[in-house]
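# Understanding the architecture of this molecule
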Amino acid sequence: MLKTIVATLHTVMGSSLSQQSAVDTITQWRSRPPHVLIFDSSRREISQYMEAVDKLTQSPPPPPNSKDLIAIAMARLKREFIAVLSRQADYQAGGPISTITTTAEFSSVTDSTAYAFRYEDYVISDLPSTDVITYLKNIAQRMNSGAKLADCIRAYKSVRRTFLQAQLSRLRFEELSVNLNAKRYLWEELKIKMEFWVQLSKICIKKLFDREKKLCDQIFQGIIGINGPAKDECFVGTVQDFAAGLFSFAESMSLSNQPYERMETVFTVYDSFLSILPNAKALFDSVPGREIVNRCEETLSNIEIEVTRMLHDFEDAVLHETPVSNSSDEKGSVHQQTKYVMDKIALIAKNKNLLTSLIKSTPSLTFGDSVIPQDALGEDFASNRSFLDRHLILIIVVLEQNLHNKADSYANPALGHLIMMNNLRYILAKIGEFSELKEMIGDPFMKLLNEYFELAKASYQETTCNKFLNCFKEEGLYNTCCFMSRPLTNAVRDRVKAFNSAFEEITVAQCDWVIPDSRLREEVRVSMKAKLVLAYKKFLEDFGSDAKMKLILDKNVKYSIEDLEILVLVKLFGDGEISA
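## Quick word on the overall build of the chain
Across its full length, the chain carries 20 helices and six strands. Expressed as a percentage of its 580 residues, the buried residues of the chain come to 50%. Considering only intrachain contacts with a sequence separation of at least 6, the fraction spanning at least 24 residues in the chain is 82%. A total of about 27,200 Å² of accessible surface is found on the chain, and carbon and sulfur atoms cover 51% of it.

## Overview of helix α18 (residues 518-544)
Taking 1.5 Å per residue as the helical rise, α18 with its 27 residues ought to reach 39 Å, and the 37 Å between its terminal C-alpha atoms agrees with that figure. Along α18, the largest kink reaches about 30 degrees and is centred on K529. Turning to α18, its buried residues are L520, R521, V524, R525, M528, K529, L532, V533, Y536, F539, L540 and F543. Measuring from the backbone nitrogen of R519 back to the side-chain oxygen at the start of α18 gives 3.0 Å, which picks out D517 as the cap.

## Points about unusual backbone geometry
For R172, which is not glycine, the phi dihedral falls at a positive 60 degrees. Mapped onto the elements, R172 comes out in the loop between α6 (149-170) and α7 (187-220). Here R172 falls in the buried class, since its relative accessible area comes to 1%. Phi angles above zero are rare outside glycine, and N257 is one such case at about 55 degrees. Tracing the backbone shows N257 in the loop between α8 (230-254) and α9 (263-283). A residue is classified by how much of its surface remains accessible, and N257, at 48% relative accessible area, is partly exposed.

## Topic: the packing of aromatic side chains
Summed over the entire model, instances satisfying the criterion amount to 18 aromatic pairs. On the basis of an interplanar angle of 55 degrees and a centroid distance of 5.5 Å, the ring pair of F468 and F499 is categorised as tilted. In this pair, F468 sits in helix α16 (residues 443-469) while F499 sits in helix α17 (residues 489-510), placing the two residues 31 residues apart along the sequence. There is no split in this pair, since F468 and F499 are both buried. Counting every residue linked through ring pairs, the aromatic cluster contains F468, F472, F499, F503, Y536, F539, F543 and Y559. Its guanidinium or amino end placed over the ring of Y119, K207 lies 4.6 Å from that ring's centre, counting from NZ or CZ.

## Side note on the environment of P444
With respect to the helices and strands, P444 occurs in helix α16. A relative accessible area of 21% places P444 in the partly exposed class. Residues P444 and E379, spaced 65 residues apart in sequence, show a C-alpha to C-alpha distance of 6.0 Å. Those residues in contact with P444, other than ones at most four positions away along the chain, are G378, E379 and D380.

## Some remarks on the pattern of salt bridges
In the structure shown here, the tally under the stated rule is 27 salt bridges. As a salt-bridge pair, E212 and R160 come within 2.6 Å of each other at their nearest N and O atoms. With E212 in helix α7 and R160 in helix α6, the pair connects residues that are 52 residues apart, well separated along the chain. We note that E212, like R160, is buried. Between R425 and D517 there is a salt bridge; the shortest N-O distance is 3.3 Å. Here R425 is found in helix α14 (residues 413-433), whereas its partner D517 is found in the loop between α17 and α18, with 92 residues between them in sequence. Residue class for R425 comes out buried when judged on its relative accessible area of 15%. You can call D517 partly exposed: its relative accessible area is 25%. It is possible to trace a salt-bridge network through shared partners that takes in K213, D217, K231 and D232.

## What to know about the nonpolar core
Ranked by internal contacts, the top residues of the largest apolar core, which has 179 residues, are F81, W197, F209, F220, F284, F468 and L564. The greatest single-element share of this core, amounting to 16 residues, is contributed by α7. Among residues more than four places away in sequence, those in contact with L564 are F468, F499, F503, L532, V533 and Y536.

## As for the packing of α14 against α18
Orientation of α14 relative to α18, taken along the N-to-C sense of each, is 140 degrees, at an axis distance of 11 Å. If you check the angle between α14 and α18, you find them oblique. Judged by the twist between their axes, the crossing of α14 over α18 is right-handed. Between α14, through M421, N422 and R425, and α18, the contact on the second element is made entirely by R519, L520, E523 and V524. Looking at the contact of α14 with α18, its residues break down into three nonpolar, one polar and three charged.

## Thoughts on the layout of surface pockets
Computed from the structure, the largest pocket encloses a volume of approximately 230 Å³. In terms of lining, the largest pocket is formed by 13 residues, of which the most central are E264, T265, F267, T268 and N351. If you list the elements that add at least two residues to the lining of the largest pocket, you get α7, α9 and α11 (336-350). In terms of residue count, the dominant contributor to the lining of the largest pocket is α9 (six residues).

## Focus on the confidence of the model for the chain
This prediction gives the chain a mean pLDDT of 84; 86% of its residues lie at or above 70. Low pLDDT, under 50, characterises residues 1-14; the stretch is placed with 29 contacts to residues that sit more than four places away or in other chains.

## Some words on the packing of helix α5 (residues 130-145) against α7
Where α5 contacts α7, the axes come no closer than 8 Å and their chain directions differ by 55 degrees. Relative to α7, the element α5 lies oblique. In this structure, α5 uses I133, L136, K137 and A140 to contact α7, whose residues at the interface are L215, Q218, I219 and F220. Along the lines of polarity and charge, the residues of the contact of α5 with α7 split into six nonpolar, one polar and one charged.

## With respect to the state of the cysteines
Inspection of the entire model under this criterion finds zero disulfides. Sulfur of C216: no disulfide; nearest cysteine sulfur belongs to C234 and is 5.3 Å away.

## Things to note about α17
Helical geometry: 3.6 residues make up each α-helical turn, so side chains three or four residues apart lie on a common side. Between its first and last C-alpha, α17 extends 31 Å over 22 residues, near the 32 Å set by a 1.5 Å rise per residue. Among all positions of α17, only T489, A491, V492, R495, V496, F499, N500, A502, F503, I506 and Q510 are buried.

## Thoughts on empty space enclosed by the protein
Taken as a whole and judged by the stated rule, the model has one cavity of 30 Å³ or more. In this structure, the largest cavity is lined by L311, H312, F314, E315, I348, I359, L388, H391, L392 and I395. Counting residues per element, the ones that place at least two in the lining of the largest cavity are α10 (290-319) and α13 (387-408). Taken together, the residues that form the lining of the largest cavity break down as seven nonpolar, two polar and one charged.

What counts, and at which threshold
Residues numbered from 1 in each chain as written. Predicted model: local features only at pLDDT ≥ 70, side-chain atom pairs only at ≥ 80, totals over all residues. Heavy atoms only, no water. Helix = DSSP H or I, 4+ residues; strand = E, 2+ residues; numbered from the N terminus. Buried < 20%, exposed > 50% of the residue type's maximum accessible area, 1.4 Å probe, protein only. Contact = heavy atoms within 4.5 Å. Areas by Shrake-Rupley, 256 points an atom, 1.4 Å probe, with all protein chains shown as cover. Expected span 1.5 Å × (residues − 1). Bend = angle between axes of the 7 residues up to and from the residue. Polar contact = N/O pair within 3.5 Å; in protein donor to acceptor, adjacent residues only side chain to side chain. Phe/Tyr/Trp six-rings, centres within 6.5 Å; stacked < 30°, edge-to-face > 60°. Lys NZ or Arg CZ within 6 Å of the ring centre and 35° of its normal. Salt bridge = Lys/Arg side-chain N within 4 Å of Asp/Glu carboxyl O. Core = buried A, V, L, I, M, F, W, Y, C linked by side-chain atoms within 4.5 Å. Axes fitted to C-alpha atoms, helices over the stretch in contact; angles between N-to-C directions. Parallel < 35°, antiparallel > 145°, perpendicular 65-115°, else oblique. Left-handed = near helix turned anticlockwise from the far one by under 90°. Nonpolar A, V, L, I, M, F, W, Y, C, P; charged D, E, K, R; others polar. 1 Å grid on protein atoms, 1.4 Å probe; cavity = no way out; pocket = protein on both sides within 12 Å on 5 of 7 lines; lining within 4 Å. Points joined across faces, edges and corners; volume = space filled by probe spheres on them. pLDDT = per-residue confidence, 0-100. Disulfide = S-S within 2.5 Å.

In structure tokens, the structure reads:
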């Protein structure tokens, strides 16, 4: 039957219902119970009632008592409008709205169920059928003709607001609008609420509010009220309180002055806000919606100020870091500060498209008593890099300088070189993991970092290996007389003892040291083996061929070639396979 409504209503204006028949039709339906709807009647009855309303409101001369009859007709149409619209709302909600589960029956948004609703998975019901929308539209048109459009609009907003409230209650929307002062929450609670807002904002703007906008447009298209287009008044009036609550939370968050350590979650909120802003502007592109659009733009500006402040606070924290004592790491591993800073830099690079436009100036290379030389920043620092790129490069340069300060504070130079090698390797590896970060840093600066790393790597090996290699130098081991060189017994003995001492010192000092990068660890082991084992073997062979010297070696050598090989390939930096 519903499929016939459209055709029926289209023929109404062309039929020839008499004025008396119109009066009889209105009077007849007045006597019927309110729950009996014209909508559920036959095609003929629907057509007849709509034509009767048109006859009374549009065809002169007006019959006796026409005002009373029109009022009766308008009241009937209003009831029809509310009933049909409510029926569709109940259908969309999956049951009578009065029985929808409320927020209280769900766990708090700050518990582990906070991720129960995801934008990607949230499915909304379809709009009412074309027949239903056409029926409601025809009622709205006739109530407009009968000077009762305001009643129709109020009825519409009441029904749809109640429906939307039920939908949002299922999503625990009320929890965002309670105690909006973000500063009062513990961070973990606020973080969950912010992540919840990210999902809810997209569900509201891109799905729920969008559906409401489409429904208003279809029912009230072309109908102009005293406040302008009825479709705009209905839509904004239906959703404005919910939109205000949604944006109030984002506004509160933007003014909460969160520390830079929490920038990841704030970035997510900023990104989500940017993603919904075009949709919000399109939804509220009307006179009634102008206030909401203005509030959105103001909130966006506040969020951008907050994000920019966080970026500068992070940079400032790295630039003014106080060098730590050598008690922080006695094993040469990657410093926690290095990991933390590089994680934040990677996060910024990941959000490059989001953040680049916010940084509007190049960083100062002078802070405190320190000045960063231009050649430490890469040859293209001032030309081919965005402002955000330059800030990241500066942060890494200062991080590297801070590492130098830490390394120089260690009494054992080898440990300082090891720390520089491990930390620079970590920095390079972290940059290599993210193509965005590598692109932002640029090849010239990457080349500089690699040079610093190779220097630290060579310095560690040289400092450690020289403790052994100095024992094998020929200077001081021979006495030359009459063009003849003979080994000095005491000198050879002293060198062997020095080698034993170096072996034991390295065993005690460095076997607990670490190289976290397995590939680098093997590279260093193999390189040190090549330098030390062959030199030691040559030393033993050179002096072992002399009978007198062989006795000295047999008596004083404590560690064999195999012992040295095991020290370098297994004991240093933890257990592992012996490399060939």
